[in-house]
Amino acid sequence: MASKKNGIARIAKQQKPAYHRILLKLSGEAFQGPQGFGIHGETILSIARELKEVHALGVETAIMVGGGNIFRGARQKGFEIDRATGDYMGMLATVINAMALQDALEKEGVFTRVLSAIEMKEVCEPFIRRRAMRHLEKGRVVIFAAGTGNPYFSTDTAAALRAMEIKAEAILKATRVEGIYDADPEQVPDARFFTAISYREVLSQNLKVMDATAISLCMDNGMPIVVFNMNRAGNIKRVVLGERVGSKVTPA
Ligand code: GTP
C-alpha cells in the first residue's frame, strides 16, 4: 500500500511542470511532415495532441509559428523577389500555419486564439500584448502569427520578442535534431553535442541555434532557450516537465 502511495506520489511529482508559461517556437517545417512541403494532416494533428497534453498540465502555452513550409526566402529559380516583399510573403505564410494549428487544436478540444502582428481583422485578432496575456491566463493557447510584422526579422526573433513581452519563463525551440551541436549533425556525424551552453558561446561559435538578433535579445533579458527534437513523440511534454531533453542556452 505504502509503495502504491509512493508510486502515486511519484507520478504526481513527475507530472509537475517546470514552467508555468512557455513560448514554443515551431518552424513551418514542423508542419510539412514526410511530404516535404505545405501542411501534412497527420503531422499537425499529432503536434496538436502533444500540445493538448502540455496544456492539460496547466502550462500557459504560447506558440510562434514559422512559414518555411509554404514560402521560403526571396530567391526563387530565375526570379529574385525583393527581400522585404519576400519577408512579408513569409509572414503571410505563418498566418496560414497559425490557422491550421488553431483548427487542429480546437478539434482536440483546446481553446485557442490567433494573434497576428499584421492586422487582418477578418481573419484573426491583432496582436495586443495585454490581450495575449489575458488569453493565456484564461487557459487559451495563444498562437502568434506574422512574426514581428516587420521585414528583416526572423520568426526566431519574433519568438524572443514575444516571449519577453508575455513574460514566458523559457523559449522552447523545436528542431529536427536533438539539440545544439558544434557542427551540423546531419553533415558531421561526430559533431559535439551540448547539454548546456551560454548565449556568448552560441554567438562566438556562430552556432545555428537561432539567429544572432534572437540570441542577443534572449541574452540581454536572461530568457532561457531549450532546443529539442520535435520529431520524437512526447518531447514537448518532456521538456515542459523539466526532463533532460535537448540543449539549454543560459547565461552561465
Ligand atoms: P474574453 O473577452 O477574454 O472572453 O476574450 P474573447 O477572445 O473570448 O473575447 P472576444 O469577444 O474578443 O472574442 C470572441 C471571438 O472573436 C474569439 O474567437 C476571438 O478570437 C474573435 N475575435 C476577437 N477579436 C477579433 C478580431 O479583431 N478579428 C477576428 N477575426 N476575430 C476576433
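Residues numbered from 1 in each chain as written. Predicted model: local features only at pLDDT ≥ 70, side-chain atom pairs only at ≥ 80, totals over all residues. Heavy atoms only, no water.

## Topic: the overall build of the chain
Thinking step 1. Helix and strand content of the chain: 9 helices and 13 strands.
Thinking step 2. Scaling as 2.2 N^0.38, a compact globule of 252 residues should have a C-alpha radius of gyration of about 18 Å, and the chain matches this with 18 Å.
Thinking step 3. Principal-axis analysis of the C-alpha atoms gives the chain an extent of 70 × 45 × 35 Å.
Thinking step 4. By the burial criterion, 49% of the 252 residues in the chain qualify as buried.
Thinking step 5. A separation threshold of at least 6 residues defines the contact pool for the chain, and within that pool the share at least 24 residues apart is 72%.
Thinking step 6. As displayed, the chain offers around 13000 Å² of accessible surface, 51% of which is attributable to carbon and sulfur atoms. (Helix = DSSP H or I, 4+ residues; strand = E, 2+ residues; numbered from the N terminus. Rg over C-alpha atoms; globule rule 2.2 N^0.38 Å. Buried < 20%, exposed > 50% of the residue type's maximum accessible area, 1.4 Å probe, protein only. Contact = heavy atoms within 4.5 Å. Areas by Shrake-Rupley, 256 points an atom, 1.4 Å probe, with all protein chains shown as cover.)

## Overview of the packing of helix α3 (residues 41-56) against helix α4 (residues 83-107)
Axis angle and axis distance: for two packed helices, these are the angle between their axes and the distance between the axes, and together they describe the pair.
Thinking step 1. Contact geometry for α3 and α4: axes closest at 9 Å, N-to-C directions at 60 degrees. Between α3 and α4, the crossing angle belongs to the class labelled oblique. In this structure, α3 meets α4 at a crossing whose hand is right-handed. Residues I44, L45, I47, A48 and L51 of α3 touch α4, and the partners they reach there are A100, L101, A104 and L105. (Axes fitted to C-alpha atoms, helices over the stretch in contact; angles between N-to-C directions. Parallel < 35°, antiparallel > 145°, perpendicular 65-115°, else oblique. Left-handed = near helix turned anticlockwise from the far one by under 90°.)

## Notes on the UniProt feature "binding site: ATP" (unreviewed entry) in the chain
Thinking step 1. Per the UniProt annotation, the sites labelled "binding site: ATP" (unreviewed entry) are K25, L26, S27, G28, G68, R72, T175, Y181 and D184. Judged by maximum C-alpha separation, these annotated positions cover 160 residues in sequence and are scattered in space, the widest gap reaching 24.0 Å.
Thinking step 2. By the element assignment, L26 lies in strand β1 (residues 21-26).
Thinking step 3. For L26, a relative accessible area of 0% corresponds to the buried category.
Thinking step 4. With respect to the helices and strands, Y181 occurs in strand β9 (residues 180-181).
Thinking step 5. In contact with Y181, other than residues within four places in its own chain, are A191, R192, F193, F194 and L207. (UniProt positions renumbered as here; feature names shortened; annotations may be inferred.)

## What about the nonpolar core?
Thinking step 1. Ranked by internal contacts, the top residues of the largest apolar core, which has 40 residues, are L24, L26, I63, L101, L105, L172 and F228.
Thinking step 2. Ranked by residue count, the leading element in this core is α4, at 6 residues.
Thinking step 3. Among residues more than four places away in sequence, those in contact with I63 are L24, L26, L51, L101, L105, V141, V142, I143 and F144.
Thinking step 4. A62, M133, Y199 and M223 belong to the second-largest nonpolar core, a separate cluster that totals 33 residues. (Core = buried A, V, L, I, M, F, W, Y, C linked by side-chain atoms within 4.5 Å.)

## Comments concerning the side chain of N229
Thinking step 1. Here N229 shows up in strand β12 (residues 225-229).
Thinking step 2. Of the residues examined, N229 reaches a relative accessible area of 6% and is grouped as buried.
Thinking step 3. A polar atom in the side chain of N229 sits 2.8 Å from the backbone nitrogen of N231.
Thinking step 4. If near-sequence neighbours (up to four positions away) are discounted, N229 is found in contact with T175, R176, V177, E178 and N235. (Polar contact = N/O pair within 3.5 Å; in protein donor to acceptor, adjacent residues only side chain to side chain.)

## Some words on the site of the ligand
Thinking step 1. Looking at the ligand, the residues that line it are R113, K121, E122, V123, C124, E125, P126, R131, H135, K138 and R140.
Thinking step 2. Taking K121, its main chain carries an N or O atom lying 2.4 Å from a nitrogen atom of the ligand.
Thinking step 3. At 3.0 Å, a side-chain N or O of R140 approaches an oxygen atom of the ligand.
Thinking step 4. In isolation the ligand has 620 Å² of accessible area, and contact with the protein removes 52% of it. (Near = heavy atom within 4 Å.)

## Brief notes about the UniProt feature "binding site: UMP" (unreviewed entry) in the chain
Thinking step 1. Mapped onto the present numbering, the UniProt feature "binding site: UMP" (unreviewed entry) falls on G67, D87, T148, G149, N150, P151, Y152, F153, S154 and T155.
Thinking step 2. When you line up the elements, D87 lands in helix α4.
Thinking step 3. Once residues within four sequence positions are removed from consideration, D87 is found in contact with P151 and Y152.
Thinking step 4. Looking at the secondary structure, you find P151 in the loop between β7 (141-145) and α6 (155-165).

## Overview of α4
Thinking step 1. The end-to-end C-alpha distance of α4 is 36 Å, a good match for the 36 Å that 25 residues give at a rise of 1.5 Å each.
Thinking step 2. You can read the cap of α4 off the contacts: a side-chain oxygen lies 3.2 Å from the backbone nitrogen of A84, and it is on D82.
Thinking step 3. Phi for G109, located one or two positions after α4, is positive at around 85 degrees. (Expected span 1.5 Å × (residues − 1).)

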